[in-house]
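Observations on the three-dimensional arrangement
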Amino acid sequence: APDGGQYRPHIVWFGEGVPMFESAINIAMQADAFVVIGTSLQVYPAASLINYAPPFCPKYLIDKKVPKGELGKVKNLTVIEKVASEGVKELQKLLNESK
């Protein structure tokens, strides 16, 4: 910054509240499809957004190392265990095949 201070990056630090989280919940509740890319789904509350998508909504998780455990409770979930660049290509292929 011009005054010698540091700019704050556009991220949420551990222990901080997530800005506009209520808005994100409302958007997730109306989703036709929900895609999560490049996260372990271990940091809350952001990790809980997938649970707000409607049960009928197809959900996709792309990450190079998918966590085990709680994901079994997520309905209509397709897991793509690849790095983001490869996983997005696979997701695109899946979506094109489902048309």
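As a starting point, this report considers the structure included with it. (Residues numbered from 1 in each chain as written. Predicted model: local features only at pLDDT ≥ 70, side-chain atom pairs only at ≥ 80, totals over all residues. Heavy atoms only, no water.)

**Observations concerning the pattern of salt bridges**
Taken as a whole and assessed by the stated rule, the structure comprises 2 salt bridges. Residue Glu86 pairs with Lys89 through a salt bridge whose shortest N-O separation is 3.7 Å. A residue pair is termed a helical-turn pair when its members lie 3 or 4 positions apart in one helix, as Glu86 and Lys89 do in helix α2 (residues 84-97) at 3 residues. Given a relative accessible area of 39%, Glu86 falls into the partly exposed group. In this structure Lys89 comes out as exposed when scored by relative accessible area, which is 52%. (Salt bridge = Lys/Arg side-chain N within 4 Å of Asp/Glu carboxyl O. Helix = DSSP H or I, 4+ residues; strand = E, 2+ residues; numbered from the N terminus. Buried < 20%, exposed > 50% of the residue type's maximum accessible area, 1.4 Å probe, protein only.)

**Considering the nonpolar core**
In this structure, Phe34, Val36, Leu41 and Leu61 are the most contacted members of the largest nonpolar core, which totals 16 residues. For this core, the leading source of residues is helix α1 (residues 21-29), giving 3 residues. Those residues in contact with Phe34, other than ones at most four positions away along the chain, are Ala28, Leu49, Ile50, Ala53, Cys57, Pro58, Lys59 and Tyr60. (Core = buried A, V, L, I, M, F, W, Y, C linked by side-chain atoms within 4.5 Å. Contact = heavy atoms within 4.5 Å.)

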